[in-house]
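Listed below, chain by chain, are the residues.
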Amino acid sequence: MQDMVGKRFGKLEIVEYEKRKPNALSRCTCKCDCGKTIEIGLAALRKRTSCGCDYLDPRADITGKRFSKLTVESRIIEPNVEPFAMKWKCRCDCGKEITATTLALQAGLIVSCGCTAADEVTLDLANVNRGNIERTNTLLLQGALDGVMYENNKSGVRGVYFSTTFQNYWANIVFQGKRYHLGSYKTIEKAKRAREKAEDILYAGFMEHYEEDLKPQIAAENERANIESFDNFLENLEPDEERTPILTPGKFGEGQCQVCGKPIPKGRQKYCSNACCSRALQEFNYHKRKRSEERFCPVCGKPVPSNRTKYCSDSCRGLALKRRTVKTGNGHQKQIVCPDCGKTAWVGYSSIRCKECQAVVRKRQNEESHLRRKEGATRKIGSEASCERCGKPYIVKGAVQKYCENCAGIMLQEKARKRYVPKEAATLICQICGKEFTSTANKKPKYCSDECREEGLRRYYKEVWKRQKAEKEKEKK
């Protein structure tokens, strides 16, 4: 009990703690930083950050309240305005006056008159380039402004749902990880207008700030990072004997293109055209892949060339696609009789036992593996072993690896040939000419040649036509 006293959850600090069973029903008496004391359950406390003082009621009078560098002085009276869209006259710490809405102040979209816009903002390029900026995602905001709808939406309006308890429409909006309630309305048209007004205040306002202030800064940061990485690459470029390099550092002097040697026109830095720039980037990406750790094809075990990502060739990629397991489900299962317990069970296509017996077998295999590891009979990853085919030493990269890199692909092909067992030739009689012929096909053919097959199809369709004609005559009678 004493361990919980003194713990903080946002602005709340636990003063008294009453333990109950289960633990989620325990009661806590908490004191907020604003001075108010509340009593709340432990489960609810983990989701709260204050007594409610940090939540702004859109209908409340906020005159005299402070939001970052802004102090609210008075309200601007306008007829037929939603509570969250009410405008207030605010004074910044620098002395300038501005106008802001209730929702923009509550969401923290407006924190000053603009005097803090010149402050440097540290940008995490890994997140910024994915659209995550200032605890929000610009791609999602733009989708909301373009009218993109979620699949689970039932009302037909984004951010609006029908409350079965109160029998009216509720409008909400989420911005920077917080949900704001815009009000309840009797008709969906009014709720839709409220949602659109809130989107104009929050989403459109933030996107304008992003396009004007943040986007140029992000582009400059990306360009600087690309130039630095490319300059480092040029300084440490090593000669490659496998291929002729596209560019060689120091080959051409200042004022000449680093790829072709032509004079650089005005407005460009290192290359004479976009084509030379793209060729230099190709060289950069080639050496970047080559410098990374050596990769091996998961199908044949050969090293992956630097111009490929995962597989060493198109044939290995095709084999990998064929080996992908089919998703298990009621439509992709088979019914078997378990060889161990004799029960009938539905299992996946690759299973040969029921789930209970498979768990027992897996447990036994784990125990045997643990014993082998204890006795030192297993091989460690990274140790050296000899190939079973050619006898050459190789580094162990897998538990079941038996062959070196050169022999792995050959043995895979040999095993594939052994798996293919042609069926015995069967002696059949052609249904047209009556001749005997042999076939190894799975489905026994009816005809010995293409001519007999065409004659068989002609007779079949002739019989079908006669049958249809007889049926039509019967219907007429």
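The coordinates are above.
All values derive from a computational prediction rather than experimental measurement.

The rules behind these values
- Residues numbered from 1 in each chain as written.
- Predicted model: local features only at pLDDT ≥ 70, side-chain atom pairs only at ≥ 80, totals over all residues.
- Heavy atoms only, no water.
- Helix = DSSP H or I, 4+ residues; strand = E, 2+ residues; numbered from the N terminus.
- Patch = residues over 30% accessible without salt bridge, like charges linked within 9 Å, V, L, I, M, F, W, Y side chains within 5 Å.
- Areas by Shrake-Rupley, 256 points an atom, 1.4 Å probe, with all protein chains shown as cover.
- Salt bridge = Lys/Arg side-chain N within 4 Å of Asp/Glu carboxyl O.
- Pairing = 2+ DSSP bridges.
- Phe/Tyr/Trp six-rings, centres within 6.5 Å; stacked < 30°, edge-to-face > 60°.
- Buried < 20%, exposed > 50% of the residue type's maximum accessible area, 1.4 Å probe, protein only.
- Polar contact = N/O pair within 3.5 Å; in protein donor to acceptor, adjacent residues only side chain to side chain.
- Lys, Arg positive; Asp, Glu negative; His and termini not counted.
- Contact = heavy atoms within 4.5 Å.
- Disulfide = S-S within 2.5 Å.
- Core = buried A, V, L, I, M, F, W, Y, C linked by side-chain atoms within 4.5 Å.

Caption draft 1: Seen up close, unusual backbone geometry. The phi angle at Ser 68 is positive, at roughly 55 degrees, despite the residue not being glycine. Mapped onto the secondary structure, Ser 68 falls in the loop between strand E5 (66-67) and strand E6 (70-76).

Caption draft 2: Just a nonpolar patch on the surface, in detail. On the surface, a nonpolar cluster with roughly 350 Å² of combined accessible area is contributed by Leu 457, Tyr 460 and Tyr 461. By the element assignment, Tyr 460 lies in helix H11 (residues 450-476).

Caption draft 3: Region of the structure containing the sheet that holds strand E2 (residues 12-18). Ordered by their spatial adjacency, four strands build an open sheet running E1-E2-E3-E4, and the pairing between neighbours is antiparallel. Each edge of the open sheet carries a strand with a single partner, namely strand E1 (8-9) and strand E4 (37-41). Pairing geometry for strand E3 (residues 27-32) and E4, over five bridges, is antiparallel. Bridged to Lys 31 within E4 is Thr 37.

Caption draft 4: Summary view of the packing of aromatic side chains. Counted according to the given criterion, the structure contains five aromatic pairs. With 6.3 Å between their ring centres and 40 degrees between their planes, Phe 175 and Tyr 203 make a pair best called tilted. Placement of Phe 175 in strand E12 (residues 168-175) and of Tyr 203 in helix H6 (residues 203-235) is noted, with a sequence separation of 28 residues between them. Owing to a relative accessible area of 1%, Phe 175 belongs among the buried residues under this scheme. Between Phe 175 and Phe 206 the ring centres are 5.8 Å apart and the planes differ by 75 degrees, which places this aromatic pair in the edge-to-face class. Note that Phe 175 is positioned in strand E12 and Phe 206 in helix H6, a separation of 31 residues in sequence. Considered together, Phe 175 and Phe 206 belong to a single accessibility category, that of buried residues. Within the aromatic cluster, the residues linked to one another by ring pairs are Phe 175, Tyr 203 and Phe 206.

Caption draft 5: Representation of the sheet that holds strand E8 (residues 97-101) within the structure. Taken in spatial order, the four strands make up an open sheet running E5-E6-E7-E8, and their pairing is antiparallel. Both edges of this open sheet fall to E5 and E8, since each of them pairs with a single strand only. Here six bridges tie E6 to strand E7 (residues 87-92), and the two strands are oriented antiparallel to one another. Its bridge partner lying in E7, Arg 75 is registered against Trp 88.

Caption draft 6: How the structure looks around the side chain of Glu 199. Its place among the elements puts Glu 199 in helix H5 (residues 188-201). You can call Glu 199 buried: its relative accessible area is 9%. A polar atom in the side chain of Glu 199 sits 2.8 Å from the side chain of Arg 195.

Caption draft 7: Local environment of the side chain of Arg 158. Mapping Arg 158 onto the fold places it in the loop between helix H4 (138-145) and strand E11 (160-163). Salt bridges are absent for the buried Arg 158, whose nearest opposite-charge side chain, Glu 199, sits at 5.5 Å. Once you skip the residues sitting within four places of it in the chain, Arg 158 turns out to touch Leu 140, Gly 143, Ala 144, Val 148, Met 149, Tyr 150, Asn 153 and Arg 195.

Caption draft 8: How the structure looks around the state of the cysteines. Evaluation of the coordinates by the stated rule reveals zero disulfides. For the unlinked cysteine Cys 30, the closest cysteine sulfur is that of Cys 28, found at 5.3 Å.

Caption draft 9: Here's a closer look at the nonpolar core. With 27 residues, the main nonpolar core has Phe 84, Leu 103, Phe 175 and Leu 202 as its most contacted residues. Contributions of two or more residues to this core are made by helix H2 (102-107), H4, E12, strand E13 (178-185), H5 and H6. It is H6 that provides the largest number of residues to this core, a total of six residues. Tyr 17, Cys 32, Ile 38 and Leu 42 belong to the second largest nonpolar core, which has 13 residues in total.

Caption draft 10: Broad picture of the environment of Lys 444. Mapping Lys 444 onto the fold places it in the loop between strand E19 (436-439) and H11. On the basis of relative accessible area, Lys 444 is assigned to the exposed category, the value being 62%. Here the alpha-carbon distance between Lys 444 and Ala 426, two residues 18 residues apart in the chain, equals 8.5 Å.

Fair warning: the whole summary comes from geometry, so function is off the table for now.
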